Structures are given as C-alpha cells and as structure tokens.
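# Overview (structure and organization)
For reference, the chains in residue letters:
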Amino acid sequence: IELHSCGGDTTEGYAIYDALRASGKEITATVVGLCGSMATVVLLAAPKERRRMYPHAKLLIHAPFIPGYARDLDASTLESLQVLLAQEKARMLAVYVERTGVESEALENQMAKASWFGPEIAKARAKTLRYIQG
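Report follows, based on the coordinates. Quick caveat, the model's predicted, so the values are computed rather than measured. (Residues numbered from 1 in each chain as written. Predicted model: local features only at pLDDT ≥ 70, side-chain atom pairs only at ≥ 80, totals over all residues. Heavy atoms only, no water.)

## Considerations on unusual backbone geometry
If you check the backbone angles, S37 has positive phi at about 55 degrees while not being a glycine. Inspection of the secondary structure assignment puts S37 in the loop between β2 (29–36) and α2 (38–43). Overall, the relative accessible area of 12% leaves S37 in the buried class. Of note in the backbone geometry, A114 takes a positive phi value of approximately 50 degrees without being a glycine. (Helix = DSSP H or I, 4+ residues; strand = E, 2+ residues; numbered from the N terminus. Buried < 20%, exposed > 50% of the residue type's maximum accessible area, 1.4 Å probe, protein only.)

What follows is the structure, encoded as structure tokens:
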C-alpha cells in the first residue's frame, strides 16, 4: 500500500488495519507523502521490515480528539468523553508499542508534541522504517 493521508476516523482506521493484518497477504507499506494520525496505524499493519518512507515524507502521531464537537456539553457528557478519549489513547498506544517496539513513554511524548517528522527521525526513534533513498 502507498500512504498519503492525514488520517481520519479511528473506527475506520482500525477496520483497515485489522483487515490488512487478517488478509494473510504479504503487506508492504510505503509513506509517499503525509502519514498522520490514524494513517500511522494503517502503516503499522505492515511488518517492521516492510515499512518504508520516501525522503520527503512526513509522519505525525497525536493523542485522539473529537473534532468539531458542536453540541451542548454538561459535566456528565464531558466525563464520558474524557473516558472515551483516554480509552482510545490507550488502545492506540498499545498498537504503537506492539508494532514499533518503542516504549510507551517515548510515544506519549511524541503524541503530545503533535508535530510532523521525517524519515530520519522516524528511523532513529523507532528503527521500524526503511528510508528510501532517492
């Protein structure tokens, strides 16, 4: 698969990740442009040795959020959303840790930064991507 996506809905991202992992096919994932948010989870469907990234491609991981939530929120609703987001973050971290071998604390720090980074940083941090030289 070739990835150029800023991400999207977590439910759909996990559905793609699960379908790829369950396919029984040999998966190679190449980041050709941007790979952010849930697209990084899709990238992790490929085994470490089959993940690639072009020299000018960028990655972004961040804590889950609910975009544009536009309804009245009472304390109970806010508490429910807080629990939901904490569960989603834990699930995402579990996938990142399992599929990259990077410690949870380092991944949480990168998620908190929510900044784009290129292949050299990805390779140094996770040692899970192969840099494609031009």
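## Some points on helix α1 (residues 10–22)
Over its 13 residues, α1 runs 18 Å from end to end, which matches the ideal 18 Å to within 8%, given 1.5 Å per residue. Those residues of α1 lying buried are G13, Y14, Y17 and L20. Looking straight down α1, one finds that the buried residues subtend no more than 130 degrees of arc, so they occupy a single side. Of the exposed residues in α1, the ones pointing more than 90 degrees away from its buried face are T11, E12 and A22. Check the buried side of α1 and you find it contacts α2 and α3 (75–100). (Expected span 1.5 Å × (residues − 1). Arc of directions from axis to C-beta. Contact = heavy atoms within 4.5 Å.)

## A closer look at the packing of α3 against helix α4 (residues 104–113)
Two numbers describe how α3 lies on α4: the axes approach to 10 Å, and their chain directions differ by 120 degrees. Put simply, α3 runs oblique to α4. When you trace α3 past α4, the crossing you get is right-handed. Packed against α3, whose contacting residues are K89, M92, L93, Y96, V97 and T100, the element α4 presents S104, L107, E108 and M111 at the interface. The residue inventory of the contact of α3 with α4, partitioned by class, reads six nonpolar, two polar and two charged. (Axes fitted to C-alpha atoms, helices over the stretch in contact; angles between N-to-C directions. Parallel < 35°, antiparallel > 145°, perpendicular 65-115°, else oblique. Left-handed = near helix turned anticlockwise from the far one by under 90°. Nonpolar A, V, L, I, M, F, W, Y, C, P; charged D, E, K, R; others polar.)

## What to know about the pattern of salt bridges
One pass over the structure, following the stated rule, counts three salt bridges. Residue E26 is joined to R50 by a salt bridge in which the shortest nitrogen-to-oxygen separation is 3.2 Å. Residue E26 is located in the loop between α1 and β2, and its partner R50 is located in the loop between α2 and β3 (51–53); the two are separated by 24 residues in the primary sequence. Under the relative-accessibility criterion, E26 is labelled exposed at 67%. Taking the relative accessible area as the measure of exposure, R50 reaches 23% and is therefore partly exposed. When the shortest N-O distance is used, the salt bridge between E108 and K89 registers 3.4 Å. Taken as a pair, E108 in helix α4 and K89 in helix α3 lie far apart in primary sequence, 19 residues in all. On the basis of relative accessibility, which here comes to 31%, the residue E108 falls in the partly exposed class. (Salt bridge = Lys/Arg side-chain N within 4 Å of Asp/Glu carboxyl O.)

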